[in-house]
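Chain residues, written in single-letter form:
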Amino acid sequence: MAKAGEVPTLRIGPETEQGQVRRLKAVRARRDNSSVESRLEELKTAARGSDNLMPHLLNCVKAYATEGEIMGALKEVFGVYREPILF
């Protein structure tokens, strides 16, 4: 239980996690994986240039690419920002 002035931490039980994993596996099993890969490649190509990424992101979502797959594609192009440590 959170103390006064603290924000309570959301705890997700194992049954919730297992249910989400089952749903994710089901989506991946019924989607067109070649379409997902194609949309992710188009996203990476656009990210390397100066195109607006929103239409490409929407195409990825419409093909049922996961958030993790989309983020992975963008990380390939942009890397991961690390804030410099300054004193």
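About the cut-offs
Residues numbered from 1 in each chain as written. Predicted model: local features only at pLDDT ≥ 70, side-chain atom pairs only at ≥ 80, totals over all residues. Heavy atoms only, no water. Core = buried A, V, L, I, M, F, W, Y, C linked by side-chain atoms within 4.5 Å. Buried < 20%, exposed > 50% of the residue type's maximum accessible area, 1.4 Å probe, protein only. Helix = DSSP H or I, 4+ residues; strand = E, 2+ residues; numbered from the N terminus. Contact = heavy atoms within 4.5 Å. Salt bridge = Lys/Arg side-chain N within 4 Å of Asp/Glu carboxyl O. Polar contact = N/O pair within 3.5 Å; in protein donor to acceptor, adjacent residues only side chain to side chain. Expected span 1.5 Å × (residues − 1).

Visitor: Which residues make up the nonpolar core, and what values go with them?
Guide: Counting 12 residues, the largest nonpolar core is built from Val36, Leu40, Leu43, Ala46, Ala47, Leu53, Cys60, Ala63, Ala65, Ile70, Ala73 and Leu74. Contributing elements (two or more residues each) for this core: α2 (33-48) and α4 (67-78). Ranked by residues supplied to this core, first place goes to α2 with five residues. When sequence neighbours within four positions are dropped, the list of residues in contact with Leu74 reads Leu43, Ala47, Leu53, Leu57 and Gly79.

Visitor: So what's going on with the pattern of salt bridges? Residues and values would help.
Guide: Within the structure shown, the criterion is met by five salt bridges. Measuring nitrogen to oxygen at the nearest pair gives 3.8 Å for the salt bridge that ties Arg28 to Glu69. Highlighted residues: Arg28 in helix α1 (residues 14-30) and Glu69 in helix α4, separated in sequence by 41 residues. Judged by relative accessible area, which is 18%, Glu69 ranks as buried. For the salt bridge of Glu69 with Arg31, the shortest nitrogen-to-oxygen distance reads 2.8 Å. Here Arg31 lies in the loop between α1 and α2 and Glu69 lies in helix α4, a separation of 38 residues in the sequence. Linked through salt bridges whose partners overlap, the residues forming this network are Arg28, Arg31 and Glu69.

Visitor: Tell me about the side chain of Glu69, and name the residues and values.
Guide: Among the polar contacts listed, one links the side chain of Glu69 to the backbone nitrogen of Thr66, at a separation of 2.7 Å. Dropping the residues within four chain positions of it, Glu69 is found in contact with Arg28, Arg31, Val36, Leu40 and Tyr64.

Visitor: Hey, could you go over α2 for me, with residue numbers and the actual values?
Guide: Compared with the 22 Å implied by 1.5 Å per residue over 16 residues, the 23 Å span of α2 between its first and last C-alpha is a close match. Within α2 the residues assigned to the buried category are Ser35, Val36, Leu40, Leu43, Lys44, Ala46 and Ala47. On its buried face, α2 is in contact with α3 (54-62) and α4.

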